[in-house]
Amino acid sequence: MNDRTILLVEDNPDDVELTLRALKKNNILNSVTVARDGVEALDYLFATGAYSGRDVKKLPTVVLLDLKLPKIDGMEVLKSIRSDDRTKLLPVVILTSSKEEKDLINGYKLGANSYIQKPVDFEQFTEAVRQLGLYWLLLNEPPPIEKGSL
Amino acid sequence: MSIKTRLKINTIASVAAVIITGVVFIGANSQMEKVSRKETKTAVLVKGITELEILTYDYLLHHEKRSEEQWKMRYDSLQNSLLSGEFKEPAELAVLERVNNNLKGIKYNFSQLTEGYRNGQDRLSNKTTIELQERLISQMMLSSREAVSDSFKLNELTHRERENVRQKSNMLTGFLISVLAVVITSISFLINRTISEPLRKLREGTEVVGSGNLAYRINMDTKDEIGQLSRSFDQMTERLKRVSVSRDELVKENIKRRQMGNALKAANRELEAFSYSVSHDLRAPLRSIDGFSRALLEDYLDRLDEKGKDYLNRVCRASQRMGQLIDDMLILSRVVRAEMHYEEVDLSAMAREISSNLGNSRSEHRVEFIIQEGLTATGDARLLKMAMENLLGNAWKFTEKHSSAKIEFGAKRENGKQVFFVRDDGAGFDMAYVNKLFQPFQRLHELAEFSGTGVGLANVKRIIQRHGGDIWAEGAIERGAAFYFSI
């Protein structure tokens, strides 16, 4: 289970802190990589820029993606993930404050695997993160890494 | 007088002119024919008398019986031709009388002569007889000359008459043709004037109106066809003006609406951006407030006294409540801008579904639902469901404090319109505050008593209004509330 990692794409440090705390409280001890904006997230996934030394084949088990991000927003990140052969099967969960119908529709259209609105109530938030971790890290069987794909 | 009548008169006048000219011509012709017959008669008379003279000479030379008989026959035929009634004029009759008398004289002389010859053939040498003969002959000669001269006179009279008739008929024909020409010309002139002048006015009018001046009127008051036409044209212009005025107003109204629509669209876009930012940006700090307050409560519990814990709990509740307010506000703004999809909605079925959901959620609360069957309305199913959920949810909420409760959904007719209602026998409200009921974030109960943000009924009102309907409420404290709405 330890090799199953999470990529948290979140620009709000409070939300990062709260998410990490919720994960810890639920004993989800997998390693979490935090990307503060869309560019950093894509750099990490495709091993470019600051992450150029990273093994591109080591993909996270799940990406928790906020929508409102600096530089490149969440929808753009999702589009890039889905349009690249290496990452097009990567599970992506949109975790955002917005419950706008427009965002929901666009998110699913672009191939999000799940869409969760961050509740204001921390208890509910913790519960959501718990279920998220349980589902995506334990229950869900991730897509196999394709041989020869780079 | 109408143009048609005028044209008719002109046609009749022309035909009359032709007929009158024809009649005059025929009359003149028959006059001439009569004169011609007289001329023939006169010629016969002259010829007869001349022949009678020649026969007389013949007899005098030969004294033959044959000549005598021929003479008598000629005389009889002359007498006959004198009797035929061609001549009627007094002058002619006088001449004829003279001719007749002369002929009678000639006859008498000739008879005397022939008798004398027959009796005294052998006494031809008789001097007295010869004298008598000579006298007779000269007498006869004389009479015959006179008769011939009279005949010529008659001829001359006839000739003069002929000239007279010809002149008269020429004059009459000329006069009639002139009169008719004057009549036809003047009528034609009148027609021309009553047609061409008004036609010019009409043409000018149509040009003015055609160039866009719809206020112009031809105003022709004649009673003929062109007058009628111009009046019809004026009426048409009037109607056109009215239509074009209403069209202009329509265009103006349209432009105004388009501007309003654009402004509305802009406002909607702003609202959308605002609500997006509200939903995303306002919730994030709330989450932090709530989250870290809880972290404090959890991680530093041992360092907090009761008061400190209470304060942190208040912070948490407040932030949660604010989160709820934000969510309700977003719903309100969504209700305002949601697109409407009209369809037939079964409100009874909707009420049944909602009531069974409510019944499942809180089983301790005993409520009797009375739902009238077969109530439908045309509207947006999603929005109507939201309204029904709010109304029935409210009824549920405000009956919770009663041990047993009744919630009713039904319809009645009021002023010919179908009015739906949701009625309960719960906490009710004071009618003095009925105006505040539908205003957003206005509450009639304390939070501790009944939960809620006060947006629900505001949402219901917006939904009903968006359907073009009306909503109002009746209630009394602890005696229930009733909400009525029409769609």
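Higher on the page you've got the structure.
The structure contained in this document is the topic of the report that follows. Given the structure is predicted, the values throughout are model-derived calculations rather than measurements.

Taken together, the 24 residues of chain B in the interface contact 25 residues of chain A. Together chain B and chain A conceal approximately 2,200 Å² of surface at their shared face, both sides included; 46% is due to carbon and sulfur atoms. The largest contributions to the chain B side of the interface with chain A come from Tyr276(B), His280(B) and Arg287(B), which together make up 33% of the buried area. Across the contact surface, chain B and chain A share six salt bridges. In this structure, Asp299(B) and Arg21(A) form a salt bridge, with 2.5 Å as the shortest nitrogen-oxygen distance. Taken together, the links from chain B to chain A amount to eleven residue pairs in polar contact (both at pLDDT 80 or more). Taken together, the elements giving at least two residues each to the side of chain B that touches chain A come down to helix H5 (225-299) and helix H6 (306-337) of chain B. Taken together, the residues of the side of chain B that touches chain A break down into five nonpolar, eight polar and eleven charged.

This part takes up the environment of Leu20(A). Residues and elements named next belong to chain A. For Leu-20, the location among the structural elements is in helix H1 (residues 13-25). Note on Leu-20: relative accessible area 31%, which makes it partly exposed. Note: C-alpha distance between Leu-20 and Leu-8 (twelve residues apart in sequence) is 9.4 Å.

Another point: empty space enclosed by the protein. Where empty space is left becomes clear once a probe the size of a water molecule has been rolled over the atoms. Counted under the stated rule, the structure contains two cavities of 30 Å³ or more. Reported here for the largest cavity is a volume of approximately 50 Å³. In terms of lining residues, the largest cavity is bounded by Ile6(A), Leu23(A), Val62(A), Leu64(A), Val129(A), Leu132(A), Gly133(A), Trp136(A) and Leu137(A). Every element with two or more residues in the lining of the largest cavity is listed here: strand E3 (62-65) and helix H5 (122-139) of chain A. Of the residues forming the lining of the largest cavity, the biggest block, five residues, is contributed by H5(A). Tallied by class, residues from the lining of the largest cavity come to eight nonpolar, one polar and no charged. If you add up the space inside the second largest cavity, you get close to 40 Å³. What lines the second largest cavity is simply Ile49(B), Leu52(B), Glu53(B), Thr56(B), Ile106(B), Met140(B) and Ser144(B). Breaking the lining of the second largest cavity down by element, the ones donating at least two residues are helix H1 (3-62) and helix H4 (127-210) of chain B.

Next up on the list: the packing of aromatic side chains. Aromatic rings in a pair are described by how distant their centres are and how their planes are angled relative to each other. Applying the stated criterion across every chain yields a total of 14 aromatic pairs over all chains. Between Trp71(B) and Tyr75(B), the aromatic rings sit 5.7 Å apart at their centres with planes inclined by 5 degrees, giving stacked as the arrangement. With Trp71(B) and Tyr75(B) both in helix H2 (residues 65-83) and four residues apart, this pair spans about one turn of that helix. Both residues of the pair, Trp71(B) and Tyr75(B), belong to the buried class. The side chain of Arg54(A) reaches across the aromatic face of Tyr44(A), ending 4.0 Å from its centre. Geometry around Phe421(B) places Arg423(B) over its ring, the cationic atom sitting 4.3 Å from the centre.

Let's shift gears to the sheet that holds strand E7 (residues 481-486) of chain B. Residues and elements named next belong to chain B. Read across the open sheet, the five strands follow the order E2-E4-E5-E7-E6; overall the sheet is mixed. A strand with exactly one partner marks an edge of an open sheet, and here the two such strands are strand E2 (367-371) and strand E6 (470-475). Neighbour-to-neighbour, the strand axes of the sheet open up by a mean angle of 20 degrees, direction not taken into account. Two elements, strand E5 (residues 417-424) and E7, share four bridges in a ladder whose sense is antiparallel. Across the sheet, residue Phe-421 finds its bridge partner in E7, namely Tyr-484. Where helix H8 (residues 381-399) meets the sheet, it contacts E2, strand E4 (405-414), E5 and E7, and its direction lies at approximately 140 degrees from that of E4. Contacting E6 and E7, helix H9 (residues 456-466) crosses the sheet at an angle of about 140 degrees to E6.

Cut-offs applied
Counting of residues starts from 1 at the beginning of each chain's written sequence and follows it residue by residue. Key to labels: chains lettered from A, ligands numbered from 1, both in the order written. For a predicted model such as this one, the threshold for reporting local features is a pLDDT of at least 70, and the threshold for listing and counting side-chain atom pairs is 80 or more; totals across whole chains, interfaces and linings nevertheless cover every residue. Hydrogens are left out, water is left out, and the side-chain values use all remaining heavy atoms of the structure. Contact criterion: two residues are considered in contact whenever any of their non-hydrogen atoms come within 4.5 Å of each other. Simply put, the buried area is the total loss of 1.4 Å probe accessible area from both parts when two parts are fitted together. Salt bridge, as used here: a side-chain nitrogen of Lys or Arg that lies within 4 Å of a carboxyl oxygen of Asp or Glu. Whenever two N or O atoms come within 3.5 Å, that pair is a polar contact, provided that in protein one can donate a hydrogen and the other can accept it, and provided that, for residues adjacent in sequence, both atoms are side-chain atoms. Secondary structure elements are taken from DSSP: a helix is a run of H or I of four residues or more, a strand is a run of E of two residues or more, and numbering for both begins at the N terminus. Charged means Asp, Glu, Lys or Arg here, nonpolar means Ala, Val, Leu, Ile, Met, Phe, Trp, Tyr, Cys or Pro, and polar covers whatever is left, Gly included. Exposed residues in this analysis have more than 50% of their type's maximum accessible area, buried residues have under 20%, and partly exposed residues fall in between, with area computed by a 1.4 Å probe over protein chains only. Only protein atoms enter the calculation, which uses a 1 Å grid: trapped sets of points that fit a 1.4 Å probe without letting it out are cavities, open sets showing protein on both sides within 12 Å along at least five of seven lines are pockets, and any residue with an atom within 4 Å of a point is a lining residue. Grid points are joined across faces, edges and corners, and a volume is the space filled by probe spheres set on the points. Centres within 6.5 Å make a pair out of two Phe, Tyr or Trp rings, where for Trp the six-membered ring is used; the pair is then stacked when the planes are under 30 degrees apart, edge-to-face when over 60, and tilted otherwise. Here, a charge over a ring is recorded when the distance from Lys NZ or Arg CZ to the ring centre is within 6 Å and its angle to the ring normal is within 35 degrees. When DSSP finds at least two bridges between two strands, those strands are taken to pair. Between N-to-C directions, angles span 0 to 180 degrees; the directions come from axes that are lines fitted to C-alpha atoms, helices contributing only their stretch in contact.

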